[in-house]
Amino acid sequence: MTNDFDLYDTDTPAPGKADQSAEKEPELVYGSAEEFLHEQLLPTYVRSVTGKSAKWCIEWYFHPEAVSRVAALWRSWEHLRLDPATGMSVWWRDHADHHMRVLLDPQGPFYNCDMKEHRDPEHLEPKKAPAGWFPDVRAFQA
């Protein structure tokens, strides 16, 4: 199994003299950010999405920022759920409340969409800086 998020070591140890007392790595509850969104996040994070105070796109997966934020929410939830003391409180305070506030903001990534229709966002168009302003630091690494 591939482990794109480096949450858990999913490689099976080679048979032999492996430490028998070592604990088994915890398994993921959700197999993807989308599953997490549908089964955990949206059923528990309920808000009124009127378009004025909050916006959501029915096709959220077409928004790279939303995909990245939902993946971050999923990964942090999988990690913090293992802390029985304050893990979920930390997740709500530091992750869910923060990212959902940004996602639902009327000026956020879904600003051009509504609950019925996705509209492609207008991407920021930067100019390239003059040559030499941002040297590639990898060239200076030993």
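Residues numbered from 1 in each chain as written. Predicted model: local features only at pLDDT ≥ 70, side-chain atom pairs only at ≥ 80, totals over all residues. Heavy atoms only, no water.

Details of the overall build of the protein chain
Scanning the protein chain from N- to C-terminus turns up three helices and zero strands. Along the protein chain, from the amino end to the carboxyl end, the secondary structure elements read α-α-α. Buried residues in the protein chain amount to 26% of all 142 residues. Sequence separation of 24 or more characterises 68% of the internal contacts of the protein chain that already satisfy a separation of 6 or more. In the structure as shown, the protein chain presents an accessible area of about 10,700 Å², 54% of it carried by carbon and sulfur atoms. (Helix = DSSP H or I, 4+ residues; strand = E, 2+ residues; numbered from the N terminus. Buried < 20%, exposed > 50% of the residue type's maximum accessible area, 1.4 Å probe, protein only. Contact = heavy atoms within 4.5 Å. Areas by Shrake-Rupley, 256 points an atom, 1.4 Å probe, with all protein chains shown as cover.)

What to know about helix α3 (residues 87-104)
Under the 1.5 Å per step criterion, the end-to-end length of α3 is 24 Å for 18 residues, consistent within 8% with the ideal 26 Å. Maximum bend of α3: about 35 degrees, positioned at A96. All of the buried residues in α3 are G87, W91, A96, H99, M100, L103 and L104. Those residues of α3 that are buried are in contact with α1 (33-44) and α2 (64-80). (Expected span 1.5 Å × (residues − 1). Bend = angle between axes of the 7 residues up to and from the residue.)

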